[in-house]
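Each chain is listed here by its residues.
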There are 4 protein chains.
Amino acid sequence: MAASSAATLAASPAPRGRAGRSAFPPPPVTARPVDRDAWIAAFRQVRDETEARAAPLSPEDQQVQSMADASPTKWHRAHTTWFFEQFLLREHRPGYRIFDERLHYLFNSYYVAAGPRQPRISRGLITRPTAAETAAYRSYVDEAVEALLAEASPEALGRVLPILEIGLYHEQQHQELILTDILHAFAQNPLAPAYDPGWRFPRPQAAEGAAALPAGLTRIGHEGEGFSFDNESPRHDVLILPGAIDRALVTNAEWLAFMADGGYARPELWLSDGWIAAQTEGWEAPGYWQREGAAWLTMTLAGMRTVDPDLPVTHISYYEADAYARWAGRDLPTEAEWEVAARDGGLADAFGLVWQWTRSAYSAYPGYRPLPGALGEYNGKFMSNQFVLRGSSVATPAGHARLPYRNFFYPHQRWQFTGLRLSRQASA
Amino acid sequence: MAASSAATLAASPAPRGRAGRSAFPPPPVTARPVDRDAWIAAFRQVRDETEARAAPLSPEDQQVQSMADASPTKWHRAHTTWFFEQFLLREHRPGYRIFDERLHYLFNSYYVAAGPRQPRISRGLITRPTAAETAAYRSYVDEAVEALLAEASPEALGRVLPILEIGLYHEQQHQELILTDILHAFAQNPLAPAYDPGWRFPRPQAAEGAAALPAGLTRIGHEGEGFSFDNESPRHDVLILPGAIDRALVTNAEWLAFMADGGYARPELWLSDGWIAAQTEGWEAPGYWQREGAAWLTMTLAGMRTVDPDLPVTHISYYEADAYARWAGRDLPTEAEWEVAARDGGLADAFGLVWQWTRSAYSAYPGYRPLPGALGEYNGKFMSNQFVLRGSSVATPAGHARLPYRNFFYPHQRWQFTGLRLSRQASA
Amino acid sequence: MAASSAATLAASPAPRGRAGRSAFPPPPVTARPVDRDAWIAAFRQVRDETEARAAPLSPEDQQVQSMADASPTKWHRAHTTWFFEQFLLREHRPGYRIFDERLHYLFNSYYVAAGPRQPRISRGLITRPTAAETAAYRSYVDEAVEALLAEASPEALGRVLPILEIGLYHEQQHQELILTDILHAFAQNPLAPAYDPGWRFPRPQAAEGAAALPAGLTRIGHEGEGFSFDNESPRHDVLILPGAIDRALVTNAEWLAFMADGGYARPELWLSDGWIAAQTEGWEAPGYWQREGAAWLTMTLAGMRTVDPDLPVTHISYYEADAYARWAGRDLPTEAEWEVAARDGGLADAFGLVWQWTRSAYSAYPGYRPLPGALGEYNGKFMSNQFVLRGSSVATPAGHARLPYRNFFYPHQRWQFTGLRLSRQASA
Amino acid sequence: MAASSAATLAASPAPRGRAGRSAFPPPPVTARPVDRDAWIAAFRQVRDETEARAAPLSPEDQQVQSMADASPTKWHRAHTTWFFEQFLLREHRPGYRIFDERLHYLFNSYYVAAGPRQPRISRGLITRPTAAETAAYRSYVDEAVEALLAEASPEALGRVLPILEIGLYHEQQHQELILTDILHAFAQNPLAPAYDPGWRFPRPQAAEGAAALPAGLTRIGHEGEGFSFDNESPRHDVLILPGAIDRALVTNAEWLAFMADGGYARPELWLSDGWIAAQTEGWEAPGYWQREGAAWLTMTLAGMRTVDPDLPVTHISYYEADAYARWAGRDLPTEAEWEVAARDGGLADAFGLVWQWTRSAYSAYPGYRPLPGALGEYNGKFMSNQFVLRGSSVATPAGHARLPYRNFFYPHQRWQFTGLRLSRQASA
């Protein structure tokens, strides 16, 4: 990663601003000798962050699943724990005793190879274990993981650390979901509860104009010895065509202009599937927006707030991003374009505000092969019908974002902190 | 009500066995002078019973809505409170200050005349107010109701008591639902939690043979000055045809014989709509039954238990009751037949074990007119597509059951404690 | 049947007005000696009437199934033929060779005991046999049935005639459906094709006031040796309560007053299930009505026509009939009330205009037992969730209507020629 | 287009083998002077081919719409006619009188800019105009188009020919759908009617091994003055990575090996969305396959036939193609890889047997802009959730297939003649 983008990442706001030196990310798994303390510290930091995000929530809040795409907070807390128990302790901790075998069925998410599981849509029906019992489950597993890290032979550690590492990044992904899922749940409540009354969306950097794309052959994807998900590999050549990509994110003010120009009422601006979704769902503004007289309010983690025109637009679907770009006579960038522009320091707010829709359908990099075993289901099996988003959001935990990171969602989904920046493709 | 049926009622097991002299039912609303203390005592008893039924449940348990027909415990606690606030305090308690106007939308159930309301299907999404905040709401309203009862002028009391009385019976209906709804929720959980590990289904009385029906003209429906719901009136003449009605309820042992004879696999035994429901839902036994090897288990308020052959079958739909009667070459009684047989003391376990499906579609008694205003929506608007059940169940609170009581559910529903007894219609 | 009602029936308009002496209904099945020619003539008349009703329809028209409740004309023509082949010829015509065994699956309607069948919803997908091939199937079976009638031994005839007779009444029921189903199909077409440009709805008789009901015990149901469906038996005692029933049907003019008074916008007038249906389906007028400026048009068998205020309202659901009665402060009659009033000559237009919703849920008469075998599925298995309609409609073939006839439909259905008359129940 | 691929195209079987010199494709629209006779001949040939494909079908066959994705034959015949009337005659033929303005609503497919239209799902409900009336509509429009071609000024012709040309290619696309849609309809019929008993699937060429891909920069997309759809432009640079692509299509024999190895029962082989589709739809073999004892039959245009192991597999979804490739340890090619391999003559049966799924999500070429006006809806608005198929099929009309042609379908669809060939991506 080039210096400039490292700078960008460093500048990305730590969303929940806890103080002190970060223990995350841990050292590379290949570093020798293994720094056990560093790994334990990283493990604790990630586990603590999950609990810190759940802390403002009542047992009732943690119970609810407000739609099929979302999960209860309690489930996130338990599932991330199950992940360590299932993939790390069960196999690699001799003598480990499973906390409760019955939880396996409840907290497997989608790993078919790991056995049958609670239907996703019914996660909200499971009232036992309670939130308090879930905390006990977490403690039990935490203790065992820390003991494993302290006591495993160096040889065993070589097998353990790659699993631990993916478990930490996995848990961070669920930390982001804890916030987006509870925001969705609270948005269903006419009382519009605040997750954190003091929460504020970070302000964007001042940025103007567009960065020219470095036309020609270059390489994208994961490189080096740090962590990556399998879908970021293999690093490979890509051809960048001439063009430019905006330095700034699209703002609420710009989005209001789109709306004022009939953006949600003109089918010629929309993809066919997008128009159907917009009509079916009754979209006439981004997710969580509500009209109040002449003003627009939006549901946020701080409760209902007036839409701030200077902030980046968020909670938009791919379909809306695409319609906006068509309305503006512009393009969405490809994920390769985004990656090289961010690498070269051309983008403001690449990280930490909103995930940015690209026009790249989520698919395998050339020569990609998933991991063997159940963890091979992590990313590869979702490579249809979704689009890639790049960067990271206000909800992404500190240390999680990386330049080649490939996030992906279905084009109709908008409960994540999703926004966009525009590009312009030069005529070929 | 004749002595014999009063005896039956008196013999009906108080389902949750709390000791002490009962303050419920209160005196007739027309009794003068008004015994304010008796009314306050009755009010307290009903309100306490609700809290007693919720007490074993965690905040998570109280949050969940496991299907559209069910509601969260917390919702029941709040809705019954709203009922008093809306219909009693708002109008009849001068200077009463609404606890929180925003709750009105959340806890109206189906009273269209009382304004818009939270969609029924989304009751489980409302995590705030929490269970603890709901308790505060209850206390606040309780205090105001008791003050109203203590302070209202005699003239005002004349208007207040009929509303209070319906509010108490209304809350008792929700007490029954608290048990049936949480049983459904717990049945979705592979851990099969127990509501009360010591709970036992009451054993039926010894009873054999059938009671002959008193053929000819008689009268059914509410009579006298005690409480009744509007749908029990007017009392009117009916013609009872010759026939007989079994003294005993159908048992699990008998139901197992029906199953062994292919009861769930022979379409000729079923109503057309019933067969579709059975195929769609995959019914092959009563609700909550699960095969375990050669045995049948059933989910109960005490957790998973072996099916006891001597107990009355329960959690069956009307469709199943109807198919069973056809298989047995018998009939289900009409609601009039049931009422006169129970009145004359011909039925064992008329009350307190299972509601008993009749073959009477739920409809208006001749000359029936609903109450004016929002309370007119209580019963009358449900008079299509449902069938009448008579008696009461193990979950019915003490003092609630009455001879002319008309319960009603859709023919596919089976999460209530519903069973049957057979009859035989003499050839006309 | 009393003379007066016979007169009413005789006065009922023959809906399609074909001339000549009617051969239908045939003699009683028990009449001896058997008049073979009369039976053959009755058979031919019914079979011809089906073809006459299909004649104005193109092969395309005959192919279409416009909703799950409706069936293609071609299917009606084939299914009624299959009925004779399956229940009459297969068993009772020695040496009969099935026309095409593969048709059995296609043209069984709902006789589970007769084997698997084409899913109802997919009847419109079967393009072969074509309409022309269906005509050949009809001719083949007609010839065999007529030969059977001519050649069967007297003893065999005794078994054959009851099946033939039910087959004829069965085919007449499908004749009515041919008209109502094609009307529904044509109503989906923006071109609003006319089934018969010369078709006119018959004008109602002049009638005023209400006929008092003969309070007390009386008997209803089938009696005598003529044909009846099993659900009309046993004839049995009923108790008629005091009241009166309107001589005239409710008219379009009256319905427009209901609409003008917000009938479709006031939930307090509606059953709960009815209000849901009305909102879901967007009802704001009877079926097939369309606003055109200030006027109302309605789709008819003659194409789109202005609503005639003097005609009886039709294409209304039970829910609408019930809401109208509540709005009018009146009742719908029970089926017993209807039957005794019609019997005594108290009703104008009891037959031949519109089926009249009663407030009786469709259920078994006391002591009812269905026919043995597959024909036992004819009526009995539909005894839930439907309401009884009495009389007959403009689409009912001549000779089909009878006093104790019990028609039944689901309360949301309105593609039949369904209307209402009001009653008033005296206070009990 | 290189000579070798031209040869491939020339060799592609004319699917319905009509004799005589082909008048299609017509001259380039820019050729001067305009050869009016050549254009009229091309027009006639295309219009005649549509009628020839409809000729074996009865009016009933032409009426049916067997699923939302399919359309009635009659609709295809009318819609292609409407296309000329709407986009050509209405604007460019002075004095032209619309055949019937009411047809506009019925036969617009999805052109939002051209006004409201019959819901797609209800196309099968429109029985009028009949097939015969549709023929009259076609003749009327044909005459007007031919007169326009004969009489238009040279200047007018310059505007007319590009619309005419797209109209012809458009109609050819519907010719393919006429066959695939009626095959789907016939497959719903237990009688398994044959569209053409003499129809045979063409045998594949002998071909072995894989063609190496020309790694490096090259160009794809439309070039030259011949016809193309807008989505084939702009021609642009692409980077081909090292790899190879199979010369032969995957056969039924190979597919049976996949099935025998549990291909349809092993979730680890499938995309997540694909596995859900397979489970929901109950897939255990390609579309139209049915087990008969130990053999597999498949529904074809000649009726039910034994699966021929030597033929290419067809009627498979993208999900199945993807699972097969994973099972085989291979890849699907990208559309660019397919295009350069076909261009260089490396592929057997690139055209004329089955469309070949690529792993390219259907999206815009860099710098793509749709046509202005309603015709801009032709291709661009479908650029989400679909995958590109390349080549052509046995149902594609002669002269229609071209090297840069981009077909696209949703990944779950399989009623087209869709198959696959494998590739291998060299490790990056």
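Calculation rules
Residues numbered from 1 in each chain as written. Chains lettered and ligands numbered in written order. Predicted model: local features only at pLDDT ≥ 70, side-chain atom pairs only at ≥ 80, totals over all residues. UniProt positions renumbered as here; feature names shortened; annotations may be inferred. Helix = DSSP H or I, 4+ residues; strand = E, 2+ residues; numbered from the N terminus. Buried ≥ 20, exposed ≤ 12 C-beta atoms within 10 Å, placed from the backbone. Contact = placed C-beta atoms within 7 Å. Least-squares fit on C-alpha atoms with pLDDT ≥ 70 in both. Nonpolar A, V, L, I, M, F, W, Y, C, P; charged D, E, K, R; others polar. Domains from an automatic or database assignment. Pairing = 2+ DSSP bridges.

## Thoughts on the UniProt feature "domain: Sulfatase-modifying factor enzyme-like" (unreviewed entry) in chain A
In the numbering used here, UniProt assigns the "domain: Sulfatase-modifying factor enzyme-like" (unreviewed entry) feature to residues 212–345 of chain A. Secondary structure across residues 212–345 of chain A comprises 28% helix and 22% strand; the distance between its end C-alpha atoms is 11 Å.

## A closer look at helix α9 (residues 272–281) of chain B
Residues and elements named next belong to chain B. When we look at burial in α9, the residues that qualify are Asp273, Gly274, Trp275, Ala277 and Ala278. Those residues of α9 that are buried are in contact with α10 (318–327). Of the residues flanking the end of α9, it is Gly282, one or two places downstream, whose phi is positive at about 70°.

## Description of the relation of the copies chain A and chain D
Superposition of chain A onto chain D requires a rotation of 180° combined with a translation of 0.0 Å along the rotation axis, giving an RMSD of 0.0 Å. These values place the two chain copies in the arrangement generated by a two-fold rotation axis. The rotation axis passes nearest to the C-alpha of Asn385 of chain A in chain A, at a distance of 2.3 Å. Looking at the interface residues of chain A, 100% of them are also at the interface in chain D, so both copies use one shared face.

## Here we look at the interface of chain A and chain D
Taken together, the contact between chain A and chain D spans 31 residues of the former and 31 residues of the latter. Residue assignment for the side of chain A that touches chain D shows that the elements contributing at least two residues are β3 (236–240), α9 (272–281) and β8 (355–361) of chain A. Broken down by element, the side of chain A that touches chain D gets its largest block of residues, 4 residues, from β3 of chain A. Class assignment for the residues of the side of chain A that touches chain D results in 16 nonpolar, 9 polar and 6 charged.

## Brief notes about the interface of chain D and chain C
Contacts between the two partners involve 24 residues from chain D, matched on the other side by 24 residues from chain C. Sorting the residues of the side of chain D that touches chain C by element identifies α3 (59–63) and α5 (103–107) of chain D as the ones contributing at least two each. Among the residues making up the side of chain D that touches chain C, the classes are represented as 11 nonpolar, 9 polar and 4 charged.

## Side note on the relation of the copies chain D and chain C
Superposing chain D onto chain C takes a rotation of 180° combined with a translation of 0.1 Å along the rotation axis, leaving an RMSD of 0.0 Å. Same-surface contact between copies: 100% of interface residues of chain D are shared with the interface of chain C.

## Re unusual backbone geometry
Geometrically, the link from Phe24 of chain C to Pro25 of chain C is a cis peptide bond, its omega value of 0° lying close to zero. Position of Pro25 of chain C relative to the elements: it lies in the loop between α1 (3–11) and α2 (36–54). A cis amide bond, omega 0°, links Arg128 of chain D with the succeeding residue Pro129 of chain D. Inspection of the secondary structure puts Pro129 of chain D in the loop between α5 and α6 (131–151). You will see that Ala192 of chain A, though not glycine, has its phi angle at about 50°, which is positive.

## A short note on the domain arrangement of chain A
Residue and element names in this part refer to chain A. As assigned here, chain A comprises domain 1 (32–187) and domain 2 (210–425). Just the C-alpha atoms count here: the centres of domain 1 and domain 2 sit 28 Å apart. For the side of domain 1 that touches domain 2, the leading source of residues is helix α7 (residues 154–187), giving 12 residues. Partitioned by chemical class, the residues of the side of domain 1 that touches domain 2 number 13 nonpolar, 4 polar and 4 charged.

## Topic: the pairing of strand β6 (residues 295–300) of chain D
All names here are of chain D. The pairing of strand β5 (residues 289–292) with β6 spans 4 bridges and is antiparallel. Residue pairing across strands places Trp289 opposite Thr298, the latter belonging to β6. Adjacent in sequence and paired antiparallel, β5 and β6 are bridged by 2 residues, among which Gly293 carries a positive phi angle near 60°. If you look at the hairpin formed by β6 and strand β7 (residues 303–306), you'll find 2 residues sitting between the two strands.

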